[in-house]
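# Breakdown of the fold
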Amino acid sequence: MSYFFDSKNTEQMPKGRVEGIAKVTGKAKYSAEYDIPDVTYGVMVGSTIASGRILKMQIEEAMKAPGVIDILSHENKPYVSGFSGMKEMPDNRFGLPIFYTDKVYYNDQPIAMVVAETIEDAMFAASLVKAEYEEAIPETDFAKKAKEVSLKETENDRGSVGAWENAPYKVDQEYTIATEVHNPMEMHATIAQWKPNDKLVLYDKNQGVNRVQSVISSLFDIPTDNIHVISEFVGGGFGSGLRVWPHTIAAVMAAQQVKRPVKVMLTRPQMFTMVGYRPESWQRVKLGADKDGKFLGVIHQAKNISSKIQGFSDGITRVTRKIYGFKNVKTEEAIVDLNVPMPTWNRGPGDTTGCFGVESAIDELCHELKLDPVDVRLKNIAPYEMETGLPWSTNYLNECLEKGAELIGWKNRNPVPGSQKEGDYKIGYGVAVGMWGSGRSYTGASIDMQKDGVITVRTAMTDIGTGTGTGMQNVAHTVTGIPKSKIKIELGNSDFPKAPSQGGSRGMASVSSAVYAASLALKRKVAGYAWPDKDANTLNIDDISLSDKGITYKDSFLPYADIFGKNNLNDIKVEEFAGPGEERKKYGFCSSAAHFYKVKVHEKTGKIKMDRMVIVADAGRIINPKAAANQVIGAGAGGIGMGLLEEQLIDFKTGRLIGNDLAGYHFAVNADVPLIEVSFIGKPDPNINPSGAKGLGEVGIIGAAPAIANAVFNATGKRVRDIPITVERFFNA
Amino acid sequence: MSMSRRFFLKSSSALAALSFIPNSVKAFYQDVKEKFFVKKQMIPIQLEINKKQYSLTVDSRATLLDVLREELNLTGSKKGCDHGQCGACTVHINGEQALSCLTLAAMAQGKAITTIEGLADGDNLHPMQEAFIENDGFQCGYCTSGQIMSAVACVNEGHTGSVEEIKEYMSGNLCRCGAYNGITEAIQQVAK
Ligand code: FES
Ligand code: FES
């Protein structure tokens, strides 16, 4: 059963999203919310040391607690073919081989799962599970170890460092960013249910059902078709749902072992250790320019924290090679592996971090040169895709800058730091930009038309709040002509045509192409049934249109009832796939954004308030304006977190996180965020795909944090190079 | 009176299992349990949820949120932290905002509980629900039930004097998607 589209209330739909009613009435079913008969409850138990080995699990007391069915651990687990043959860690592609190792690599590493009759029983019993360890001294201090790790080139140098060593103006600074945790509001959850004949059903919170399918298939050595993954509603992701994490694998194992369905939902503290985070990072940016602010060269170095379990490089310097027209570029990176949980991609991975360094350094340079930061950026925008030499298909970063400057009233900004005041607050303006490579991936969509002319458009892609479903409906409506109230959407289900994960801003660019292709195919197929004497493939597609009643070709009209009747049909089905093609060889593709922020800084307390945030984005055609603006607003809110609030600390001695819950870890609440002003350039990209949409999820956050730091500098003259800018860091800067 | 189907199945199978164990063993187990374990107690309670009466037997440790979600399949109230830190589980108890994760089910007896499922009048949405759709006051939708329940309280309690006042009042309801513009604008629209 699909909950996405509530056809009873179609009159609501023109006002909002396809799944709007399901979401505002509480009817939407997220993964832990399916009512599965005979379900049991799983609760994960984490290690209490950060490095060492488990000598013995101590589960006797927990086993005696009421309702407990079983406790899985490395001492008690079913056979998992992908783990069983595995030799020593690390660097196996599944991350932690859960329950297949007695080694402990970080604190709160999952070491057991209690399965019990009720959630209360399972939680209580989990509190009783202990382990006896052989403990080693963990390495947990990023700043300390980073010094010992040497950098490696990410790619060949472009140009040479020698060429600009004598640049008249140079900045050479270091920047750091604290660990940031995704923390989608829905805690990760899985219900695993084995069915006869090695069939498995997973209700799972993730960003890509086909990915889950293939990982579980190779781990458990069962055909992908045996695995049915349902992720119809996903309560946010931001990257945390791009991997298959240990709790999902544990749920599958437990369901096998207890021979009943198992439901597991992580606790909020576990959300900090079990499903990734944006790694803490260090960067050094050395930038040279001539007296007019023309960039001569850059050296960008970066290191990020990583887990001893599996190396993860965030790709921090990548953006530097792309965003500006640097003729001379050197980029170097390193990962710093420690006894910490696994980091992963987090919204705008790498580029968000890298842009903080580069965009801050540019601001420093402009201040030194007494040049306007908007002008300097305009002067240096990459004229073509610098890495490949290909022309941009479209890149309207210049227009984003111009429009943003206009909207915020940039001309009223006083470039002298600390010179503007409103009451007790100093005020300042800052600018920064962001860019994200755009593209699309091979994606499928199907359309199924019923006798009454109602169509259902399906894809396996998930909608994690990005408005994918609504965008699909818009495309199907625009291409076929069928009214939106007659277009149902079903998605996030591995039974539907295959699709990539919802991530990297590729969702809309990919699925819109597939729906476009399927919509055209539907028109032709219906035309073929309507007028069998005509060759449907040769008809001009623009002359064919569908409505809620029937098909029109030029002056002829045929109602659906006739078409279905005379062909004796129950439904008309089409399925199409679309992916990148020749265009990738001809053009460079990017989305970009300019951030213009006004901050207020309280002189005595150091409190920083975001007063205005103007974000202008070039994301090609905007298929779904409300949801698109909302995406950018959300990214801006995320940027406030990165710039001012979010910081996950670790106790170096124990490797335990400090304050890892929503009381201890602060992301932006409503009052932290002004009404964000979003606008789009809105020009379709003619080459990326038929719809001209370039992707939007990431660019809204890339450049947000440096725009805040640059505004704080303009307000106060304090250059804060370590974020988030907490009161403490502000006063220490 | 209505009763959770799943609860009925669970309890009946537990009773069936119990009848196979000899009495002496049962008594011994009871003794050990009394001494060493925090006692799990099943207690009968009556709840009034969305104007409907429910007679249930629940674990004395069960929160209202878990009873709604796990026993009654009323999954509209969301669990975002289970510790009173996020607002996703917000319901109304006797017309006032309450966090169902911080309320034991047993404490909610004799009170009128309204969840997001009880807000609409049949198929007619509550004006706040309509306003959330119209203003796109959500993305993933996971915080939305809690946001709407708090938003209704925000208007009822008259905290809609300014954007700042709305934002302050609504700051106990976290939205990681950051749909704060739409949430605030929806409330402004209803308050008018
Ligand atoms: S779940 Fe109750 S406040 Fe978070
Ligand atoms: S809509 Fe996703 S958390 Fe609020």
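Residues numbered from 1 in each chain as written. Chains lettered and ligands numbered in written order. Predicted model: local features only at pLDDT ≥ 70, side-chain atom pairs only at ≥ 80, totals over all residues. Heavy atoms only, no water.

### Things to note about the overall build of chain B
Tallying secondary structure elements over chain B gives seven helices and five strands in all. Starting at the N terminus and ending at the C terminus, chain B contains elements arranged as α-α-β-β-α-β-β-β-α-α-α-α. Here chain B holds 192 residues, and the buried ones make up 54% of them. A total of about 8,300 Å² of accessible surface is found on chain B, and carbon and sulfur atoms cover 56% of it. (Helix = DSSP H or I, 4+ residues; strand = E, 2+ residues; numbered from the N terminus. Buried < 20%, exposed > 50% of the residue type's maximum accessible area, 1.4 Å probe, protein only. Areas by Shrake-Rupley, 256 points an atom, 1.4 Å probe, with all protein chains shown as cover.)

### Considering the sheet that holds strand 16 (residues 421-422) of chain A
All names here are of chain A. If you walk across this open sheet you meet the five strands as 16-17-25-26-29, and the pairing is mixed. The open sheet has two edge strands, strand 16 and strand 29 (677-680), and neither has a second partner. Relative to strand 25 (residues 590-602), strand 17 (residues 425-437) runs antiparallel, the two sharing 13 bridges. Bridge assignment links methionine 435 to a residue of strand 25, and that residue is serine 592. (Pairing = 2+ DSSP bridges.)

### A look at the domain arrangement of chain A
All names here are of chain A. With domains assigned, chain A is organised as domain 1 (10-29 + 440-579), domain 2 (40-137 + 192-236 + 241-266) and domain 3 (281-439 + 585-732). Taken over C-alpha atoms, the centre of domain 2 sits 37 Å from the centre of domain 3. Each partner contributes residues to the interface: domain 2 has 17 residues there, and domain 3 has 14 residues. Summed over both partners, the interface of domain 2 with domain 3 buries about 1,300 Å², with 58% contributed by carbon and sulfur atoms. Joining domain 2 to domain 3, the criterion identifies zero salt bridges. Summed over the shared surface of domain 2 and domain 3, the number is five residue pairs in polar contact (both at pLDDT 80 or more). (Domains from an automatic or database assignment. Contact = heavy atoms within 4.5 Å. Buried area = accessible area lost by both parts, 1.4 Å probe. Salt bridge = Lys/Arg side-chain N within 4 Å of Asp/Glu carboxyl O. Polar contact = N/O pair within 3.5 Å; in protein donor to acceptor, adjacent residues only side chain to side chain.)

### Describing the side chain of A:Ser47
Residues and elements named next belong to chain A. Mapped onto the fold, serine 47 is located in the loop between strand 1 (40-46) and strand 2 (52-58). The class for serine 47 is buried, based on a relative accessible area of 3%. A polar contact of 3.0 Å, which involves the side chain of serine 47, links it to the backbone oxygen of tyrosine 106. Not counting the four nearest positions on each side in its chain, serine 47 is found in contact with Val104, Tyr106, Asn107, Asp108, Gln109, Ile111 and Tyr133.

### Some points on the packing of helix 6 (residues 209-220) of chain A against helix 7 (residues 246-258) of chain A
Residue and element names in this part refer to chain A. The interhelical angle for the contact between helix 6 and helix 7, taken along N-to-C directions, is 50°, at an axis separation of 11 Å. Taken together, the axes of helix 6 and helix 7 lie oblique to each other. Read as a crossing pair, helix 6 and helix 7 show a hand that is right-handed. Where helix 6 approaches helix 7, its residues Ile216, Leu219 and Phe220 are matched on the opposing element by Ile249, Val252, Met253 and Gln256. In terms of residue class, the contact of helix 6 with helix 7 is made up of six nonpolar, one polar and no charged. (Axes fitted to C-alpha atoms, helices over the stretch in contact; angles between N-to-C directions. Parallel < 35°, antiparallel > 145°, perpendicular 65-115°, else oblique. Left-handed = near helix turned anticlockwise from the far one by under 90°. Nonpolar A, V, L, I, M, F, W, Y, C, P; charged D, E, K, R; others polar.)

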